[in-house]
Amino acid sequence: AQTVTQSQPEMSVQEAETVTLSCTYDTSESDYYLFWYKQPPSRQMILVIRQEAYKQQNATENRFSVNFQKAAKSFSLKISDSQLGDAAMYFCACTSGTYKYIFGTGTRLKVLA
Amino acid sequence: NAGVTQTPKFRVLKTGQSMTLLCAQDMNHEYMYWYRQDPGMGLRLIHYSVGEGTTAKGEVPDGYNVSRLKKQNFLLGLESAAPSQTSVYFCASGQRGGKETQYFGPGTRLLVL
């Protein structure tokens with residue numbers, strides 16, 4: 001069975017600083033995908049970044065990047081130059097060919113002005 | 001494109017009442033999902049569908065039924081609502097199921113008294 005663990009219920013970061021959100025996962029599949037989703041107060045789930053497990057290169061999307069450590073089953077999200085609009089719940093998710101997505105319990109990110 | 005829409009946005013039910021949540025997507029996606037989100041527990045998969053006329057159970061299917069009579073619609077039913085079903089419900093759809101990004105609806109907040 002797949003599991004996704006986010007061990008940081010809450011994190012804070014100063015505006016313009018960098019923060020890293022942690023995620024570990026466990027899956028027996030060799031082909032899987034990892035995601036970070038953002039959920040602002042509006043509750044809308046927004047895709048932040050996606051990583052294919054077969055790709056060694058870490059995914060990046062503007063100020064967002066991941067540190068994908070396949071052997072350690074770790075998938076952390078780095079947010080650079082944090083902005084007030086980055087304040088939200090962040091969910092890590094894993095999926096394989098079973099069509100099921102497994103989500104972590106989320107990390108609430110606060111951005112301090 | 002409206003993307004994924006959910007009806008209603010908010011509903012209050014009394015214990016024992018029934019209701020149906022409607023999810024519609026206009027992206028011609030094959031795969032559709034229903035999740036519930038509870039504080040501290042992230043998103044948990046209730047049921048999913050890999051195509052018109054098909055449904056399958058997720059992590060927490062008890063007390064819910066679903067139907068996918070049309071490709072663009074995925075209905076979630078509560079036959080006899082219980083206070084434990086108070087939650088925020090999200091619908092999502094995806095193109096290739098398990099390997100592509102899921103697109104989420106705005107959520108339905110359900111309160112069962």
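Above this text you will find the structure in question.
Cut-offs used in this document
- Residues numbered from 1 in each chain as written.
- Chains lettered and ligands numbered in written order.
- Predicted model: local features only at pLDDT ≥ 70, side-chain atom pairs only at ≥ 80, totals over all residues.
- Heavy atoms only, no water.
- Disulfide = S-S within 2.5 Å.
- Helix = DSSP H or I, 4+ residues; strand = E, 2+ residues; numbered from the N terminus.
- Buried < 20%, exposed > 50% of the residue type's maximum accessible area, 1.4 Å probe, protein only.
- Pairing = 2+ DSSP bridges.
- Axes fitted to C-alpha atoms, helices over the stretch in contact; angles between N-to-C directions.

Inspection of every chain in the model, using the stated rule, returns 2 disulfides over all chains. Here A:Cys23 is linked by a disulfide to A:Cys92, with a sulfur-sulfur distance of 2.0 Å. Here the disulfide of A:Cys23 and A:Cys92 is left-handed, its torsion about the S-S bond being about -70°. Residue A:Cys23 is found in the loop between strand E3 (19–21) and strand E4 (24–26), and its partner A:Cys92 is found in strand E10 (residues 88–95); the two are separated by 69 residues along the sequence. Given a relative accessible area of 1%, A:Cys23 falls into the buried group. The disulfide bridge from B:Cys23 ends at B:Cys91, spanning 1.9 Å between sulfur atoms. Given an S-S torsion of about -75°, the disulfide between B:Cys23 and B:Cys91 has left-handed geometry. Of this pair, B:Cys23 sits in strand E3 (residues 19–25) while B:Cys91 is found in strand E9 (residues 87–94), placing the two residues 68 residues apart along the sequence. In this pair, the class of B:Cys23 matches that of B:Cys91, namely buried. Note on A:Cys94: no disulfide assigned, nearest cysteine sulfur contributed by A:Cys92 at a separation of 7.7 Å.

Here we take up the sheet that holds strand E1 (residues 4–7) of chain B. All names here are of chain B. Spatially, E1-E3-E8-E7 is the arrangement adopted by the 4 strands of the open sheet, whose pairing is antiparallel. The sheet terminates laterally at E1 and strand E7 (65–67), the two strands that pair on one side only. Here the strands of the sheet are splayed against their neighbours by 20° on average, with no regard to which way each runs. Sheet topology places E3 next to strand E8 (residues 73–78); 6 bridges connect them, and they run antiparallel. In the strand pairing of E8, leucine 22 is matched with leucine 75.

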